[in-house]
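# Fold and geometry: a report
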Amino acid sequence: MTQPVTVLTIAGSDSGGGAGLQADLKAFALNGVFGTSVVTVLTAQNSAEIRAIEKVPAAFVQSQLDAVLADLPVAAVKTGMLASEETVRTVAANVARLPNLVVDPVLVSSDGAKLFPSTVDRAYVEGLFPHAAVITPNIREATILTGREIRTDDDLAAAATDLGRTGARCVVVKGGGRPGGEAVDAVWHDGTVRFLRSPWVATRNNHGTGCTFAATTAALLARRVPVQDALDEAKRYVQAAIERGAAWQIGAGHGPLGWPTAEDH
Ligand SMILES: Nc1ncnc2c1ncn2[C@@H]1O[C@H](COP(=O)(O)OP(=O)(O)OP(=O)(O)O)[C@@H](O)[C@H]1O
Ligand SMILES: Cc1ncc(CO)c(N)n1
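Residues numbered from 1 in each chain as written. Chains lettered and ligands numbered in written order. Predicted model: local features only at pLDDT ≥ 70, side-chain atom pairs only at ≥ 80, totals over all residues. Heavy atoms only, no water.

Here is the rule: UniProt positions are given in the numbering used here, feature names are shortened, and annotations may be inferred rather than shown by experiment.
Naming follows an unreviewed UniProt entry, where the protein appears as Pyridoxamine kinase/Phosphomethylpyrimidine kinase domain-containing protein of Virgisporangium ochraceum. Per UniProt, the comment on the protein under Pathway (unreviewed entry) is "Cofactor biosynthesis; thiamine diphosphate biosynthesis; 4-amino-2-methyl-5-diphosphomethylpyrimidine from 5-amino-1-(5-phospho-D-ribosyl)imidazole: step 3/3." If you open the UniProt record of the protein and go to Function (unreviewed entry), you find "Catalyzes the phosphorylation of hydroxymethylpyrimidine phosphate (HMP-P) to HMP-PP, and of HMP to HMP-P."

Shown next as structure tokens:
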């Protein structure tokens, strides 16, 4: 019998179930890999808001990492909300043991508000990006990280190119927050930029799109899919997941994504 490959998410818990490690584990399962999780932060969250954040001590993040890595053959890793400079630096101290590292730098809430002090941004740039196979900031995070105002496709491309200088092997700047006919992301890789494009789904149910995109990319890298193919497939997957959940009414705010079948993407 073929065994599933194992993937790890280092991320926060979303009590509302739509984002964070709950979204990651769902994306892992639906993309055919076995998911493990190191919890970095607990959020009291629902579809409408993050009400409170309780950080897990960095030493306990390390304990969880040690327990997982001592026993389980982790083939790819996704990071989500790390929430403190100390936790970013703790994860960074372990990069030699974190293969196929996909870093989703969660810096802002869905309404665009900055969640953490700038010391956290710097720790990502210094400690994690240089070791990442892929980094996946959204438009607001890319603005914070580059200081660029991002409005057009050219701005997305310029931000992705700037972030390529951090040492990340591949950069995806997700333009998902932009209203318009298409959901456009810029991918920088090997000195060139290309775009991922899909039709824009008109729905409020977009809670966890970023987590799902990055987790799916990690699952595919673990399955040895080449990185550019993995990004194309993750884009199709997230699009299908948004479509599947578009008519759901779960929560009064931004609802979760649905469960695509293999035929959907
Ligand atoms: N309404 C939509 N229709 C189609 N694709 C979308 C939509 N919203 C987001 N996407 C796509 O989903 C992926 C995730 O992008 P997004 O910018 O939403 O991430 P994010 O802001 O990090 O998400 P999160 O809400 O988890 O923080 C991107 O490929 C983006 O283009
Ligand atoms: C725990 C957690 N991680 C990531 C996000 C970003 O969607 C969120 N809302 N909550």
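## Side note on the packing of aromatic side chains
Worth spelling out the cut-off: To pair, rings of Phe, Tyr and Trp, with the six-membered ring standing in for Trp, must have centres within 6.5 Å; the planes then decide the type, stacked if under 30 degrees apart, edge-to-face if over 60, and tilted in the middle. In this text, helices come from DSSP runs of H or I with a minimum length of four residues, and strands from runs of E with a minimum of two, each type numbered from the N-terminal end. Accessible area is worked out with a 1.4 Å probe on protein chains only. A residue is then buried under 20% of its type maximum, exposed over 50%, and partly exposed in between.
By the definition in use, this model includes two aromatic pairs. Where Trp248 meets Trp259, the ring centres are 5.3 Å apart and the plane angle is 75 degrees; that geometry is what we call edge-to-face. Of this pair, Trp248 sits in the segment after helix H8 (227–245) while Trp259 sits in the segment after H8; the two residues are 11 residues apart in sequence, bridging distant segments of the chain. With relative accessibility at 28%, the residue Trp248 sits in the partly exposed group.

## So, the site of ligand 1
Here is the rule: The rule for a residue being near a molecule or strand is that one of its heavy atoms must lie within 4 Å of it. The definition of a polar contact used here is a pair of N or O atoms within 3.5 Å, where within protein one atom must be able to donate a hydrogen and the other to accept one, and adjacent residues in sequence count solely through side-chain atom pairs. Each accessible area is a Shrake-Rupley estimate made with a 1.4 Å probe; only the visible protein chains count as cover when residues are assessed. Under the scheme applied here, ten amino acids are nonpolar (Ala, Val, Leu, Ile, Met, Phe, Trp, Tyr, Cys and Pro), four are charged (Asp, Glu, Lys and Arg), and all others, including Gly, are polar.
Asn138, Lys174, Asp185, Val201 and Thr209 are the nearest of the 18 residues found near ligand 1. Here an oxygen atom of ligand 1 and a side-chain polar atom of Thr209 are 2.7 Å apart. Coverage of ligand 1 by the protein amounts to 91% of the 630 Å² it exposes when considered alone. Every element with two or more residues in the shell around ligand 1 is listed here: strand E8 (182–189), helix H7 (209–222) and H8. Broken down by element, the residue count for the shell around ligand 1 peaks at four residues, all from H8. Looking at the shell around ligand 1, its residues break down into seven nonpolar, seven polar and four charged.

## With respect to the pairing of E8
Short version of the rule: Any two strands between which DSSP finds at least two bridges are classified as paired.
Most of E8 is tucked away, with six of its eight residues classed as buried. Both strand E7 (residues 170–174) and E8 contribute to a ladder of five bridges, which runs antiparallel. Bridging from a neighbouring strand, Lys174 pairs with Asp185 of E8. Sheet topology note: the E8/strand E9 (residues 192–199) ladder contains eight bridges and is antiparallel. In the strand pairing of E9, Trp188 is matched with Val193.

## A short note on the pattern of salt bridges
Side chains that carry opposite charge are capable of pairing whenever their charged atoms lie near each other. Applicable threshold: Counted as salt bridges are all cases of a side-chain nitrogen of Lys or Arg within 4 Å of a carboxyl oxygen of Asp or Glu.
In total, this model carries 16 salt bridges according to the counting rule given. A cluster of three or more residues bridged by salt bridges with shared partners is formed by Glu85, Arg89 and Glu126.

## Digging into the pairing of strand E2 (residues 34–45)
Short version of the rule: Looking down the strands as they point away from the viewer, one classifies a crossover as right-handed if the path from the first strand across the helix to the second runs clockwise.
Relative to E2, strand E1 (residues 6–14) is paired through eight bridges, and the arrangement is parallel. What sits directly across from Ala11, in E2, is Val39. Once the chain exits E1 it traverses helix H1 (residues 20–30) before rejoining the sheet at E2, and the crossover so formed is right-handed. With antiparallel pairing between neighbouring strands as the criterion, E2 and strand E3 (residues 50–55) make up a hairpin whose turn holds four residues.

## Observations regarding the side chain of Lys174
Selection rule: Working rule for contacts: check all heavy atoms of both residues, and any pair within 4.5 Å makes them a contact.
Note on placement: Lys174 falls in strand E7. Here the side chain of Lys174 touches Asp104 through a polar contact of 3.3 Å, side chain to side chain. Setting aside residues no more than four positions away along its own chain, Lys174 makes contact with Asp104, Thr136, Pro137, Asn138, Ile139, Val184, Asp185, Gly210 and Phe213.

## Details of the site of ligand 2
In the vicinity of ligand 2, the residues found are Gly12, Ser13, Ala19, Gly20, Thr43, Gln45, Met81, His207 and Cys211. Note that a nitrogen atom of ligand 2 is positioned 2.8 Å from one of the side-chain N or O atoms of Gln45. The fraction of the free accessible surface of ligand 2 (290 Å²) that becomes covered by protein chains is 88%. When residues of the shell around ligand 2 are traced back to their parent elements, those giving at least two are E1 and E2. Residues belonging to the shell around ligand 2 are distributed by class as follows: three nonpolar, six polar and no charged.

## Regarding the nonpolar core
Rule in force here: Among the buried residues, those of types Ala, Val, Leu, Ile, Met, Phe, Trp, Tyr and Cys that are joined through side-chain atoms within 4.5 Å form a nonpolar core.
Within the largest apolar cluster, 49 residues are counted, with the highest numbers of intra-cluster contacts made by Ile10, Tyr124 and Leu128. Discounting chain neighbours no more than four positions away, the residues touching Leu128 are Leu82, Val88, Val91, Ala92, Val95, Leu101, Val103 and Ala123. Judged by nonpolar contacts, the second largest core, of 29 residues, contains Val102, Ala219, Ala234 and Ile242.

## Let's talk about unusual backbone geometry
Its identity as a non-glycine residue notwithstanding, Ala83 has a phi of 75 degrees, on the positive side. Among the secondary structure elements, Ala83 is positioned in the loop between strand E4 (74–79) and helix H3 (85–92). One non-glycine residue with positive phi stands out, namely Arg224, at about 70 degrees.

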